[in-house]
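Architecture and fold: a report
One-letter residues, chain by chain:
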Amino acid sequence: MVVKVGAALISQMGDFNGNHKLTIWAQFYDSAKNPGPIQEVIKGLEVDAVPLPVTDVSSSFGDWLNLQSAKAGWRFMGRCDPGAEIELIMVGSSGYVTPPIRLWMNSQQQSLTSNGQWTLSNGLDETLARQLGEGLVLVSIRQRDSQGNPSAPFETSFHIDLTPPPAPPTQDIGKLTYANYSFGKTFGGSHEKNAHVQVYF
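All values derive from a computational prediction rather than experimental measurement.

1. Details of the overall build of the protein chain
For the protein chain, the count of helices and strands is four helices and 10 strands. Across the protein chain, helices and strands are ordered from the amino to the carboxyl terminus as α-β-β-β-β-α-β-β-β-β-α-β-β-α. Out of the 201 residues belonging to the protein chain, those deemed buried represent 22%. Of all intrachain contacts in the protein chain linking residues separated by at least 6 positions in sequence, the fraction that spans at least 24 positions is 57%. When the accessible area of the protein chain is evaluated, it comes to approximately 14,200 Å², of which 53% is carbon and sulfur surface.

2. Topic: the sheet that holds strand β7 (residues 101-103)
Spatial strand order, β4-β10-β9-β6-β7: five strands in an open sheet with mixed pairing. Looking along the sheet, the strands with just one partner apiece sit at the ends: β4 (64-66) and β7. Looking at each pair of strands side by side, their axes are set apart by 30° on average, direction ignored.

3. What to know about the nonpolar core
Membership of the largest hydrophobic core comes to 26 residues, with the highest contact counts inside it found for W74, F76, M90, W118 and F158. Every element with two or more residues in this core is listed here: β6 (85-91), β7, β8 (117-120), α3 (126-132), β9 (135-144) and β10 (154-161). Not counting residues within four places of it along the chain, the set of residues in contact with F76 comprises S58, S59, F61, L88, M90, W118, T119, L120, L124, V139 and F158.

4. Examining the pattern of salt bridges
Inspection of the entire model under this criterion finds six salt bridges. Two residues, E87 and R144, come together in a salt bridge whose shortest N-O distance is 3.5 Å. Highlighted residues: E87 in strand β6 and R144 in strand β9, separated in sequence by 57 residues. In this structure, R130 and E126 form a salt bridge, with 3.0 Å as the shortest nitrogen-oxygen distance. Pair noted here: R130 and E126 are both in helix α3, with a separation of four residues, about one helical turn. By relative accessible area, R130 is classed as partly exposed at 48%.

5. Some points on the sheet that holds β8
Strands sit in the order β3-β5-β8 across an open sheet of three strands; the sheet is antiparallel. Edge positions in the sheet fall to β3 (55-59) and β8, since each of these pairs with one other strand and no more. Here the average twist between neighbouring strands, direction ignored, is 15°. By the bridge criterion, three bridges tie β3 to strand β5 (residues 76-79) in an arrangement that is antiparallel. Looking at the pairing, S59 lines up with F76 of β5.

6. Some words on the environment of S121
Looking at the secondary structure, you find S121 in the loop between β8 and α3. Through-space distance from the C-alpha of S121 to that of L103 is 9.1 Å; in sequence the pair is 18 residues apart. Beyond its immediate chain neighbours, meaning those up to four positions away, S121 contacts W74 and R75.

7. Details of unusual backbone geometry
With phi around 65°, K33 is a residue other than glycine that occupies positive phi space. Checked against the element boundaries, K33 lands in the loop between β1 (22-26) and β2 (39-45). The phi dihedral of D56 is positive, around 50°, even though this residue is not glycine. Tracing the sequence through the fold places D56 in strand β3.

8. Focus: a nonpolar patch on the surface
On the surface, a nonpolar cluster with roughly 300 Å² of combined accessible area is contributed by V91, V97, L136 and L138. Within the secondary structure, V97 sits in the loop between β6 and β7.

Cut-off values and rules
- Residues numbered from 1 in each chain as written.
- Predicted model: local features only at pLDDT ≥ 70, side-chain atom pairs only at ≥ 80, totals over all residues.
- Heavy atoms only, no water.
- Helix = DSSP H or I, 4+ residues; strand = E, 2+ residues; numbered from the N terminus.
- Buried < 20%, exposed > 50% of the residue type's maximum accessible area, 1.4 Å probe, protein only.
- Contact = heavy atoms within 4.5 Å.
- Areas by Shrake-Rupley, 256 points an atom, 1.4 Å probe, with all protein chains shown as cover.
- Pairing = 2+ DSSP bridges.
- Axes fitted to C-alpha atoms, helices over the stretch in contact; angles between N-to-C directions.
- Core = buried A, V, L, I, M, F, W, Y, C linked by side-chain atoms within 4.5 Å.
- Salt bridge = Lys/Arg side-chain N within 4 Å of Asp/Glu carboxyl O.
- Patch = residues over 30% accessible without salt bridge, like charges linked within 9 Å, V, L, I, M, F, W, Y side chains within 5 Å.

Okay, structure coming up:
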């Protein structure tokens, strides 16, 4: 008899960390569903499991990366296995594919993910945003454990728009007198599709 156990289940059991090893029990049921005794079949198994995908991934800019956010520097963040290496790849609408952007150790060889959380901002600037191009950007993020085992990727996307809308066209309305506009005045004009219009006096 062969029973296949999926990688996700093994991953949930966790890796051997020097404190415990995996023990497996098995039990037979006959055709009448009578249970047999539970038997320990494997003991002391050291596990180096494939890590689960990163979770709670978010960004500093939401669904749209605008010029202001790109100039200020943008970032992604989320949760991971403590001590894992984070690897991020983006594919822009321009066709540009970023080399893997990694987060693991600082210059003092200290883990940047030891608390199970990560923030990646290295190289995420206006220059990279322009290389990716305006439009849809596909994002793939995975984590690797200390043995180099990669998780399944976490995939998401966002849009880049670095081009500010043009100035609103001027409108000659003459003099605003109470007699002419006692019931208010409507201002109108053309604008970029889906733009937010703000009027100042």
